[in-house]
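Summary of the model geometry
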Amino acid sequence: MTDYREEQTNEIEVLESMYPTEFTLLHSEPQHSFTLDVCSQNSDENNEVSCQMQFKYTPNYPDEAPRFEINECDNLDDSQQHRLVELLKEQAEENLGMVMVFTLVAAVQEQLNEFVEDTLQQKEEEKKRKEEAEEEAERKKI
């Protein structure tokens, strides 16, 4: 028989040690509830995206997915936030039966990095189009 409470407590301890500044325990009774702050890596402060993920274990977690929300998003539009929620649902379904919060956080982290890369690529393409338009305008003057 699975000792859900012990698995949950062990995962909390691991998360606290892995994310000492990002992890905040909100409640431990009747079920653990906590937040984790996640932000993109390898981005400067002008391009950084971040969010706060809130988790609440169910009595039968990890055989059931934890409840989760994405809060306090910085530099994420509604469609990106929706994509994160869908990603979390997919990952939770794939990882039923195993403690999964680290996996969920890692998936969100990776997606945030992709959002930054996409934004930087769009800015670079826009800059290139603008330069080409200016060059074309200069050629027409001559």
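Residues numbered from 1 in each chain as written. Predicted model: local features only at pLDDT ≥ 70, side-chain atom pairs only at ≥ 80, totals over all residues. Heavy atoms only, no water.

1. Overview of the overall build of the chain
Counting its secondary structure elements, the chain contains 3 helices and 4 strands. At 20 Å, the chain has a C-alpha radius of gyration far larger than the 14 Å of a compact globule built from 142 residues. The dimensions of the chain, computed from C-alpha atoms along their principal axes, are 80 × 30 × 20 Å. Within the chain, the fraction of its 142 residues that count as buried is 34%. Contacts in the chain between residues far apart in sequence, at least 24 positions, make up 52% of those at least 6 positions apart. When the accessible surface of the chain is summed, it comes to about 9,100 Å², and 45% of that surface belongs to carbon and sulfur atoms. Taking the 13 positively charged and 36 negatively charged side chains of the chain as two groups, their mean positions are separated by 12 Å. (Helix = DSSP H or I, 4+ residues; strand = E, 2+ residues; numbered from the N terminus. Rg over C-alpha atoms; globule rule 2.2 N^0.38 Å. Buried < 20%, exposed > 50% of the residue type's maximum accessible area, 1.4 Å probe, protein only. Contact = heavy atoms within 4.5 Å. Areas by Shrake-Rupley, 256 points an atom, 1.4 Å probe, with all protein chains shown as cover. Lys, Arg positive; Asp, Glu negative; His and termini not counted. Charge placed at Lys NZ, Arg CZ, Asp CG, Glu CD.)

2. Focus: a nonpolar patch on the surface
A cluster of nonpolar side chains, Val14, Met18 and Phe102, forms an exposed patch at the surface whose accessible area comes to about 260 Å². Secondary-structure assignment places Val14 in helix 1 (residues 4–18). According to the relative accessible area criterion, Val14 is partly exposed, its value standing at 43%. (Patch = residues over 30% accessible without salt bridge, like charges linked within 9 Å, V, L, I, M, F, W, Y side chains within 5 Å. Salt bridge = Lys/Arg side-chain N within 4 Å of Asp/Glu carboxyl O.)

3. Structural notes on the packing of aromatic side chains
Within the structure shown, the criterion is met by 4 aromatic pairs. Between Phe34 and Tyr57 the ring centres are 5.5 Å apart and the planes differ by 75°, which places this aromatic pair in the edge-to-face class. One end of the pair, Phe34, is in strand 2 (residues 33–39); the other, Tyr57, is in the loop between strand 3 (50–56) and strand 4 (67–74), and 23 residues separate them in sequence. Phe34 sits in the buried class, given a relative accessible area of 0%. A relative accessible area of 0% means that Tyr57 is categorised as buried. An aromatic cluster of three or more residues is present, and its members are Phe23, Phe34, Phe55, Tyr57 and Tyr61. (Phe/Tyr/Trp six-rings, centres within 6.5 Å; stacked < 30°, edge-to-face > 60°.)

4. Let's talk about the side chain of Thr35
Relative to the elements of secondary structure, Thr35 occurs in strand 2. Classification of Thr35 by relative accessible area gives buried; the value is 6%. The residues touching Thr35, leaving out its near neighbours within four places in the chain, are Glu22, Phe23, Thr24, Leu26, Gln52, Met53 and Gln54.

5. Some details on the sheet that holds strand 4
What the 4 strands build is an open sheet, ordered 1-2-3-4; its pairing is antiparallel. A single partner strand is all that each edge strand has here, and the edge strands are strand 1 (23–27) and strand 4. If you compare each strand with its neighbour and ignore which way they point, the axes differ by 20° on average. Two elements, strand 3 and strand 4, share 6 bridges in a ladder whose sense is antiparallel. Directly across from Met53, in strand 4, lies its bridge partner Ile70. (Pairing = 2+ DSSP bridges. Axes fitted to C-alpha atoms, helices over the stretch in contact; angles between N-to-C directions.)

6. Here we look at the environment of Phe102
On the secondary structure map, Phe102 appears in helix 3 (residues 101–141). For the pair Phe102 and Val14, spaced 88 residues apart in sequence, the C-alpha to C-alpha distance is 9.1 Å. Not counting residues within four places of it along the chain, the set of residues in contact with Phe102 comprises Glu11, Leu15, Met18 and Tyr19.

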